[in-house]
Amino acid sequence: MDRVSAFDEPLKKLLGGATAKVMAEHLGLHTVGDLLHHYPRRYEERGQLTALADLPLDEHVTVVAQVADARIMMFNNGRGKRLEVTLTDGSGRLQLVFFGHGVHKPHKELLPGRRAMFAGKVSVFNRKMQLAHPTYQLLDTADADEATEAVDAFAGRLLPIYPACKQLDSWRIAKAVDTVLPSARDAVDPLPLPLREGRGFTPLPEALLKIHRPQTKADIADARDRLKWDEAFVLQVALARRRYADTQLPAVARRPRRGGLLDAFDAKLPFTLTEGQEKVSKEIFDDLATEHPMHRLLQGEVGSGKTMVALRAMLAVVDAGGQAAMLAPTEVLAQQHHRSITEMMGELAEGGMLGGSDLGTKVVLLTGSMGTAARRQALLDLITGEAGIVIGTHALIEDKVQFHDLGLVVVDEQHRFGVEQRDALRSKGKQPPHLLVMTATPIPRTVAMTVFGDLETSVLDQLPAGRSPIASHVVPAKDKPHFLSRAWERVREEVGNGHQAYVVCPRIGDDADDEAEKKSRKKAAEKAAEEDGEKRPPLAVLEIAEQLAKGALTGLRIEVLHGRMNPDDKDDVMRRFAAGQVDVLVATTVIEVGVNVPNATAMVIMDADRFGVSQLHQLRGRVGRGSAAGLCLLVSEAHEASPARARLSAVAATLDGFELSRIDLEQRREGDVLGQAQSGVRTSLRMLSVIDDEEVIAAAREEAATIVAADPDLDRLPELRTALSALLDKEREEYLDKG
């Protein structure tokens, strides 16, 4: 077997079909290499018992404990029997139950004083923690050979506990690892020798042996350090190669001209730009002036003025004879951007021909639901170059859409756009256009370096002058109903003072609730039930609007806004709300980003625990956009001690989006974050923690950049090329290339 194919060997050849099938279906493990990279989650130490007092409810656990007592109980007038076994570990006790025919074997084996490993799902019965029908392995069996083996495995070493599933316990995975472990010797080491020696890393085959079968805690630390580095480094090399390839592409340099559209726009601004906006604009203009495409990520706090920075970049490109396209994730947002940009530009948005003596240009909107005539005119304006700026949804990507000379693509809310969509729009330029990606959700630096590692990053962390602070409070509707009544009084007070308010609900609530929404409601209900023993469906816009109109907010002008409304109706509601003709807007998360109504000062978020941390932060950013202070009330029925309430308290406690994104990432699995933006990354990060290993990622990024600059095709590093192709199979490679 050659060095590469040992790792590519299918598991079914070595482990048998049934085990291999479970590993493939439930753990995503198909080859020897996959299994060798399925690292233990933790290790049991000799004599150390898992604290039974700290067992998590509803989770699949593995415990090592001693049998305190075991007894057969009869029920159903002696027709049924069950075996109850009590385990102890000094910190607490745990009950095991076995029913029916399943009691015979454990009754003979689980005698008081015996010690064993048990795996099962923790549940509660009669107020006691229990495992029903756990699988177990005795650690002091009577069979001499087996006993020696089990005692040796347990007493002689640190016992690895693997991420497992219901169908396959940790120790069965450990046995499978034993079978394939000899192949670790064939591991191809991706780290160049000078780097490995310079940083004093253990060779890869040794690291794999140490992580699976450590003799000491130092072995584990050693192996972890090495394996983390591999993950960070190989990923950063992939990203560095993309950055390098981008610098080799041709692009038209776009420099703003003196006395042009940008100067005219700046002259009519009623405020001065913040220091941050000036700095970031300079970084963008410097990139636009080069002859290879800009790839820049612009991230900033909610309301930090990203749209203004993006608009100035678009005007600079129009000045230079090009066109700029802004891609928004929803029609509501595209219309909102179009409205606010034409308002900011005034007469400059009503220009004649591109590059003519008249300073203005045409700003057109292109969405899927436009009428045929308006759409035809917009397409004509783009192909002739009459329109310097186009704002649209994914309708911009369609084949029919052609540009006169596309110079800049601005993608708003990157995480809602697939890389393929960005790519399709970029391919519409005669040469690759410059790319500016805006994200309204602040991202911790490490995530930005990993997920958006192919982009240079600009950060806006100052709020423009005139922005007001937002007070946030959790309203515990179940424990303290009078708090909710007070919340509606506060909304009335805000409206009484001439302001407006939003009420946000998780779902729409009409008969046309589609399948996807039903599924997500079911999922949310299950999640809430897990956290709080609560199964009510999430609150709905149409129901809440009706209740408020007849009850707490009777007499106020209330309107609804949601994604299934006709686009013209949505636009009409937003226009009237912006014009102050609506007091309270009851909406779904369609208002999450980009909606700018400075007179709206209060927001009540119903069932706030059903939203993610960053989503709540986004929503809250819709208030406090004018000179009056903002108020955000997070209404929840979640139990005070639940994780859901902890999330809400975190949001209420800080307005710092970067801090919240960190909390969000710690609470969610990293894979969620990475998987959205980077195909394949989720499966490749097994040891590296994007949130905790900032230094490793930063150092790996530096080393990767140096290596790629010296040898872009990695001709002198065939092992690194092999590791890259394992990380980026064909599909992922294409995905990264399109980025």
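Residues numbered from 1 in each chain as written. Predicted model: local features only at pLDDT ≥ 70, side-chain atom pairs only at ≥ 80, totals over all residues. Heavy atoms only, no water.

A separate point is the environment of S427. With respect to the helices and strands, S427 occurs in the loop between α16 (419-426) and β14 (434-439). With 30 residues separating them along the chain, S427 and I397 place their C-alpha atoms 9.5 Å apart. (Helix = DSSP H or I, 4+ residues; strand = E, 2+ residues; numbered from the N terminus.)

Right, let's get into the confidence of the model for the protein chain. Mean pLDDT over the protein chain: 82, with 85% of residues reaching 70 or higher. When the criterion is pLDDT under 50, residues 671-683 qualifies, and its contacts beyond four places in sequence or with other chains add up to 29 contacts. Note that residues 730-739 has pLDDT below 50 and, in this model, 26 contacts with residues that lie over four places away or in other chains. (pLDDT = per-residue confidence, 0-100. Contact = heavy atoms within 4.5 Å.)

This model, assessed by the stated rule, comprises five aromatic pairs. Summarising the aromatic geometry, the rings of F118 and Y136 are spaced 6.1 Å apart at their centres and angled 40° between planes, so their arrangement reads as tilted. Placement of the pair is F118 in strand β5 (residues 115-125) and Y136 in strand β7 (residues 135-138), with a sequence separation of 18 residues. Judged by relative accessible area, which is 17%, Y136 ranks as buried. Residues Y502 and F577 carry aromatic rings whose centres are separated by 5.1 Å and whose planes lie at 55° to one another, so their mutual orientation is tilted. Placement of Y502 in strand β17 (residues 500-504) and of F577 in helix α21 (residues 567-578) is noted, with a sequence separation of 75 residues between them. On the accessibility criterion, Y502 (0% relative accessible area) is buried. (Phe/Tyr/Trp six-rings, centres within 6.5 Å; stacked < 30°, edge-to-face > 60°. Buried < 20%, exposed > 50% of the residue type's maximum accessible area, 1.4 Å probe, protein only.)

Next up on the list: the packing of helix α22 (residues 613-620) against helix α23 (residues 643-653). Interaxial distance between α22 and α23 falls to 10 Å at its minimum, and their mutual angle equals 40°. With respect to each other, α22 and α23 are oriented oblique. The handedness of the crossing between α22 and α23 comes out as right-handed. Touching V613, L616 and R620 of α22 are R647, L648, V651 and A652, all from α23. (Axes fitted to C-alpha atoms, helices over the stretch in contact; angles between N-to-C directions. Parallel < 35°, antiparallel > 145°, perpendicular 65-115°, else oblique. Left-handed = near helix turned anticlockwise from the far one by under 90°.)

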